[in-house]
Amino acid sequence: MNKTVSIHIQGFPFTLEEQAYETLQQYLKALKEILINEPGGDEILQDVELRIVELFQECQKVPSSVILQTNIEEVIAVLGSPENFGEATSEKQDSSQTTSEERHEKRFFRDTESAIIGGVASGAAAYFHIDVVFVRAILVLFTMAFGSGIPLYILLWIITPSAQTASEKLQMRGLPVNFESIKSEFKGATERVEKNAKKWSSQFRRDSALSKGLRQIVLLFKKVIGILLVLWGLFSLIHVCLFLFVDPAIIPAQVNGNFTSLGELGSLFFETNQLTNLAYFGISIVLFSIALTSILLGFRVLFFFNRKWFSRTILFFGVTFLGGVVLLGIVGLQTLKSFTIDGAVSAEVSTISADSLQLEIDADSYWSSTSKYRVSNKNGLFKPSKNPDQWFLFAENGRIYKSGIAITYTTSTDSLFHISIEKKANGSSYQRANQRAANIDFPMNVANGQLLLSSGYSFPSKDCFRDQEVIVKIAVPKGKKVWNKAAVVYPYSSENQIDQTSHRAYIHTDGKYSAW
């Protein structure tokens, strides 16, 4: 019975015979003594240990099998015996690496040291012992001829690991991975790093052409950025001055295809002139701070200012910006309060005794008091052209006009059609919300088994826009139908759910009826 020892090498667990463990310990101790005066000795020893891990994993038939003394001897035979290491041996090893007859494996890695993008071409060149230029030329030809060069490169970049350790770099070139080759590879990598560092250091010296060229490019880029900041700041400052010192009532704005003014637009949302003025003042302060900060930063990039004066000015603009944000926050909270309470008024406006109910929709009746309607209906022959978004929300002559009517269907408890209207609005209290709802004017008429509905409604501008809504509720007797344009719209079943009746519908701005 042999005693075993459990150890970890570079984080990998292994179980060794006691004799094998002692031999491995003596071997690593000898290597450490040889490397004690070598630059980068610790890194070389780590690479050697990683190579030992690879060889141990090859020796194990199963992951939990025990490493024997014979396995340690095979590892030492591959890596080399410490007593044979020396300068002469190292030189001999360096000169005969490419012709060595020792058994060693060859693997494909990405060579990130000499890479331009991901190191795929460099790794392939090292694997096949050819010039990397040929590999890159082949990729370019594949891209131009078949269009597959770039996808192939990206795929190899994703699935191919990069050569990180000295052992992996040696395997990439098909060289034996032993102590001397690992040490030589580490020295070579160090020399390449130092050579590249000196090369770039010489190129970036203040008197070098590359350094002067880069400084000129950076200086040009800074000037372009500075000029753009100044121009953008001046452009914004002009608009802020117009907004601040010109009456917002004459500044044009556009809503849903209709031109209006900022003053009229503000009156749709702000209940008092005080809130409107605070909102405009807060917006002006915020934009004013941003514009002046942009101008100042642009001049700071183009010229040199006193740092203390510049910092204080930026701080002042920052405080001003925060003040404007606070004002806008106060206005927002005050306005939000008037949206918090839902109010509604409802009434049954008519009953109809008929076999069916005919819906007629007039898309223009709620415009009867507007100049647009009077002009468009001259002689009763012409109607205006309008885009689908136009007139969704419009203000004129002290009223706000809004389109879109909801319809809901229920089952009547008797043989009559019952027509009810529900008007909704928001407010800061139930009384205010209900009053806004009651102020909604919705044109409709019932006669001879017909229900004539408008596609929109209006309300006083002083009520502002507070989510006003009109819902037409129709109670339909069992077995009876509702028609619109020679088609049954209730009971209505969708193609996807034939056995289920839709109880909701909507009248659009242009008078179109749709069930949902």
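Residues numbered from 1 in each chain as written. Predicted model: local features only at pLDDT ≥ 70, side-chain atom pairs only at ≥ 80, totals over all residues. Heavy atoms only, no water.

Visitor: How should the packing of helix α2 (residues 41-59) against helix α3 (residues 69-79) be read in this particular structure?
Guide: Two quantities define a packed helix pair, namely the angle between the helix axes and the distance between the axes. Orientation of α2 relative to α3, taken along the N-to-C sense of each, is 130 degrees, at an axis distance of 10 Å. Between α2 and α3, the angle is such that the two are oblique. As for the relative orientation of α2 and α3, their crossing is right-handed in sense. Here V48, R51, I52, L55, F56 and C59 of α2 come into contact with α3, specifically with N71, I72, E74, V75, V78 and L79. Among the residues forming the contact of α2 with α3, the class breakdown is nine nonpolar, one polar and two charged. (Axes fitted to C-alpha atoms, helices over the stretch in contact; angles between N-to-C directions. Helix = DSSP H or I, 4+ residues; strand = E, 2+ residues; numbered from the N terminus. Parallel < 35°, antiparallel > 145°, perpendicular 65-115°, else oblique. Left-handed = near helix turned anticlockwise from the far one by under 90°. Contact = heavy atoms within 4.5 Å. Nonpolar A, V, L, I, M, F, W, Y, C, P; charged D, E, K, R; others polar.)

Visitor: How should I be thinking about the side chain of E17 in this particular structure?
Guide: For E17, the location among the structural elements is in strand β2 (residues 12-17). Ignoring anything within four residues of it in the chain, the contact list for E17 reads N2, K3, T4, V66, I67, L68 and Q69.

Visitor: Help me understand the sheet that holds strand β7 (residues 356-362), please; the structure alone is not making it clear to me.
Guide: Sheet strands pair via backbone hydrogen bonds, and the direction of the pair is either parallel or antiparallel. The sheet built from five strands is open, its strands ordered β12-β13-β7-β16-β17 with mixed pairing. What marks the edges here is a single partner per strand, and that holds for β12 (444-447) and β17 (487-490). Geometrically, the sheet is characterised by an average inter-axis angle of 30 degrees between neighbouring strands, direction not taken into account. (Pairing = 2+ DSSP bridges.)

Visitor: Please clarify how the environment of F269 should be interpreted in this entry.
Guide: If you trace the backbone, F269 turns up in the loop between α11 (262-267) and α12 (273-302). Among the residues examined, F269 registers a relative accessible area of 32% and is labelled partly exposed. Sequence-wise, F269 and D463 are 194 residues apart; in three dimensions their C-alpha atoms are separated by 9.0 Å. Non-local contacts of F269, meaning those with residues more than four positions away in its chain, are made with T335, C464, F465 and R466. (Buried < 20%, exposed > 50% of the residue type's maximum accessible area, 1.4 Å probe, protein only.)

Visitor: What am I meant to see in the nonpolar core here?
Guide: Across soluble globular proteins, nonpolar side chains show a tendency to be buried alongside one another. Core analysis: the largest hydrophobic core is formed by 28 residues, its most contacted members being L359, I407, Y409, I474 and V482. Counting residues per element, the ones that place at least two in this core are β7, β10 (405-411), β11 (417-427), β13 (450-454), β14 (456-460), β15 (469-476), β17 and β20 (504-507). For this core, the leading source of residues is β15, giving four residues. Those residues in contact with I474 that lie beyond four places of it in its chain are L357, L359, I407, T408, Y409, T410, H418, I419 and L451. (Core = buried A, V, L, I, M, F, W, Y, C linked by side-chain atoms within 4.5 Å.)

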